[in-house]
Amino acid sequence: MSMRVIQPGLLSLIQDGGRHGKHNIGLTTGGPMDGQAFAICNRLLGNEPGSTLIEISFGGLQLEAQVDTFVCITGAEIPLTINGQDAALWQSHRVRAGDVIALEFTTAGCRAYLGVVGGFDIPQSFGSSATVMREHIGGLNGEKLHSGDQLPCATVTEHRCKQLPLEHQPRYHDSVTVRVIPGYQQSHFSRLQQRRFFSSTYEVSDRCDRMGYRLEGPAIDCGISGILSEGICHGAIQIPADGQPIVLLNDRQTIGGYPKIGSALSLDTHALAQLRPGGKVFFTPISTHAAHNALHLANSYILRQPIRECPP
Amino acid sequence: MTTEIHSAGENSLIVYLGDSTSPSVSARVQLTAQRVTHALGDALIDLVPSYASLLVIYDPLLTDHFHVQQAIRSVLLTLDVTEDAVTQGNRITLPVYYSAESGADLLTLAANSGLTPEDVIRIHCEQEYRVYAIGFAPGFAYLGEVDERIAAPRLSTPRQRVPRGAVAIADRQTAVYPAVSPGGWNLIGLCPLRMFDPDSNPTMPVAVGDIVCFESVDRDQFFALGGELS
């Protein structure tokens, strides 16, 4: 009982909520780059939060259902067909054994999530199915999906198709404002440098991947060049010697020795991860208190977002 | 430096327990990590101990910044690092085949240090090293401190491919590469043991706080222990 990969596309990865509690042996977290689209996909399918889905970067994935079930695709705008018929994102669809689910390439945003009812049944390594290619861990043998891969999932015949109303669907733009919790070596950056950081426009460079997004713009100078290596949290904004900020994301190294000016709010790294090279980024400071408030609101929103049954 | 707690991110705080590398600071980091684990319970997501700091990652939907900060403060108030705590941890001896064929930078490092390769090997084996941190890649343990006579700066151009098991030096740190990876450290030998094996339990032979010693083995012993030259 599975889905067969006909074409893997550019970069399709098995992801769950991420690998936690393993930093002591040097393992990073992995998990979905856009946690919001990932969470909504699971919710529309009635899955437990953090169930295993596929993260599709840029598109090109084609699957053949070898089982009767229901699928849902959320995230970046991407043309979707099921057996050649156009199908909508942000809603679950019935598929039968033999059906072909095909995604073209993203037209706004760059990461989409494809799930099935119950999630894909992928063996866990170190407590998670999340694929981290740099570590060769998780997913299927630590690798991205390849043609011919079989993704086990259950036969499901009972499920009421759900949709997220249009007005609640996220929109992906080519600019993002990232809220930053000041911290780490923030006090080593002069007031002038901090002002420059929070008032300039940065552009996503070609060097953006699941480890981090390297940005280009006015260089930020830190009073110190290096620090004793220390733990790096999700969203940490590292300023290397060239002054160009790097926002460290899901597949980041767990420790490093560059100064950091603070860390991006995860709600905004979700939007950042939908930007492609050339996308614009602005930074604005936020207190830890306000950050916690935003996280609670977002969590409550995910749980209470109005989802509707699809018309028959 | 006094102990400081700084904000790190939306769900993390970083505790600085010193500003230099020393066994006593490292022991304080270890002890703090154990106590914080106990104090936070389910609200703790992960910890990253390093040379002189501890990153504490918590679940912001279960607790908040203030509670975590308070919990860490009370741990720090009762922190009493005795000599016992400094020396606790396992002692692990790692065999190394030191040679020009297994360590591409051994001869250069010796020449730059004004020593013979035999001196470099002897000095590297004489020292006991403490595992200060694990990171960079799964199973990569930062060991310190290397004797100043054989300390060497990182290569100006990192190698694209460092073999698995490579024993290397960068400044006053030494390490064994757990897997093939790019790297800029000076290679002086190869260790035949696996430093990271997802299929074995434990996954790694060392943990932060352990003491590591190196023992020189010859070519035949290296192969007998499962070593490979690539």
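Everything quoted here is computed from the prediction, not taken from an experiment. (Residues numbered from 1 in each chain as written. Chains lettered and ligands numbered in written order. Predicted model: local features only at pLDDT ≥ 70, side-chain atom pairs only at ≥ 80, totals over all residues.)

1. Overview of the overall build of chain A
Right, so step 1: Check the secondary structure of chain A and you find 4 helices and 22 strands.
Right, so step 2: Compactness check: chain A gives a C-alpha radius of gyration of 20 Å against a globular reference of 20 Å for 312 residues, within 12% of the reference.
Right, so step 3: By its C-alpha atoms, chain A is 60 × 40 × 30 Å across when sized along the principal axes.
Right, so step 4: When contacts within chain A are restricted to residue pairs at least 6 apart in sequence, those whose partners lie at least 24 apart make up 78%. (Helix = DSSP H or I, 4+ residues; strand = E, 2+ residues; numbered from the N terminus. Rg over C-alpha atoms; globule rule 2.2 N^0.38 Å. Contact = placed C-beta atoms within 7 Å.)

2. Things to note about the confidence of the model for chain B
Right, so step 1: Looking at chain B, pLDDT values average 92 and 96% of them are 70 or higher.
Right, so step 2: Mean pLDDT values for the elements of chain B range from 57 in helix α3 (residues 83-87) of chain B up to 98 in strand β4 (residues 53-58) of chain B. (pLDDT = per-residue confidence, 0-100.)

3. Looking at the interface of chain B and chain A
Right, so step 1: Taken together, the contact between chain B and chain A spans 34 residues of the former and 33 residues of the latter.
Right, so step 2: Mapped onto the side of chain B that touches chain A, the elements with two or more residues apiece are β1 (4-9), β2 (12-16), β3 (44-49), β4 and β6 (129-134) of chain B.
Right, so step 3: In the side of chain B that touches chain A, the residues fall into 20 nonpolar, 11 polar and 3 charged. (Nonpolar A, V, L, I, M, F, W, Y, C, P; charged D, E, K, R; others polar.)

4. Focus: the domain arrangement of chain A
Residue and element names in this part refer to chain A.
Right, so step 1: Along its sequence, chain A is carved into domain 1 (2-168) and domain 2 (175-300).
Right, so step 2: With centres defined by C-alpha atoms, the gap from domain 1 to domain 2 works out at 28 Å.
Right, so step 3: Facing 17 residues of domain 1, the contacting portion of domain 2 comprises 13 residues.
Right, so step 4: Looking at the side of domain 1 that touches domain 2, the elements with two or more residues in it are α1 (35-44) and β10 (108-116).
Right, so step 5: Per-element accounting of the side of domain 1 that touches domain 2 gives the leading share, 3 residues, to β10.
Right, so step 6: The class makeup of the residues in the side of domain 1 that touches domain 2 is 4 nonpolar, 10 polar and 3 charged. (Domains from an automatic or database assignment.)

5. Regarding the domain arrangement of chain B
Residues and elements named next belong to chain B.
Right, so step 1: Annotation of chain B at the domain level lists domain 1 (4-87) and domain 2 (91-224).
Right, so step 2: Here the C-alpha centre of domain 2 lies 29 Å away from the C-alpha centre of domain 1.
Right, so step 3: Facing 7 residues of domain 1, the contacting portion of domain 2 comprises 7 residues.
Right, so step 4: With 3 residues, helix α1 (residues 23-40) is the single largest residue contributor to the side of domain 1 that touches domain 2.
Right, so step 5: Its residues assigned to classes, the side of domain 1 that touches domain 2 comprises 3 nonpolar, 4 polar and no charged.

6. Side note on unusual backbone geometry
Right, so step 1: The peptide bond linking B:G144 to B:E145 adopts the cis configuration, its omega dihedral lying at -10°.
Right, so step 2: Here B:N201 and B:P202 are connected by a cis peptide whose omega angle stands at 0°.
Right, so step 3: Relative to the helices and strands, B:P202 is located in the loop between β12 (186-190) and β13 (211-216).
Right, so step 4: A positive phi angle, close to 70°, is found at A:F58, a residue other than glycine.
Right, so step 5: Note that A:F58 resides in the loop between β3 (53-57) and β4 (61-65).
Right, so step 6: A:F58 sits in the partly exposed class, given 19 other C-beta atoms within 10 Å.
Right, so step 7: With phi around 50°, A:Y184 is a residue other than glycine that occupies positive phi space. (Buried ≥ 20, exposed ≤ 12 C-beta atoms within 10 Å, placed from the backbone.)

7. With respect to the environment of A:T81
Residue and element names in this part refer to chain A.
Right, so step 1: Considering the arrangement of structural elements, one finds T81 in strand β6 (residues 80-82).
Right, so step 2: Classification of T81 as partly exposed rests on a count of 14 C-beta atoms within 10 Å.
Right, so step 3: Here the alpha-carbon distance between T81 and T155, two residues 74 residues apart in the chain, equals 21 Å.
Right, so step 4: Non-local contacts of T81, meaning those with residues more than four positions away in its chain, are made with D86, A87 and A102.

8. With respect to the packing of α1(B) against helix α2 (residues 65-77) of chain B
Residues and elements named next belong to chain B.
Right, so step 1: The contact between α1 and α2 brings their axes to 10 Å, and the two run at 135°. Comparing their axes, α2 and α1 come out oblique. The hand of the α1/α2 crossing is right-handed. Two secondary-structure elements touch here, α1 through T32, R35, V36, A39 and L40 and α2 through V68, A71, I72, V75 and L76.
Right, so step 2: Across the contact of α1 with α2, the residue classes tally to 8 nonpolar, 1 polar and 1 charged. (Axes fitted to C-alpha atoms, helices over the stretch in contact; angles between N-to-C directions. Parallel < 35°, antiparallel > 145°, perpendicular 65-115°, else oblique. Left-handed = near helix turned anticlockwise from the far one by under 90°.)

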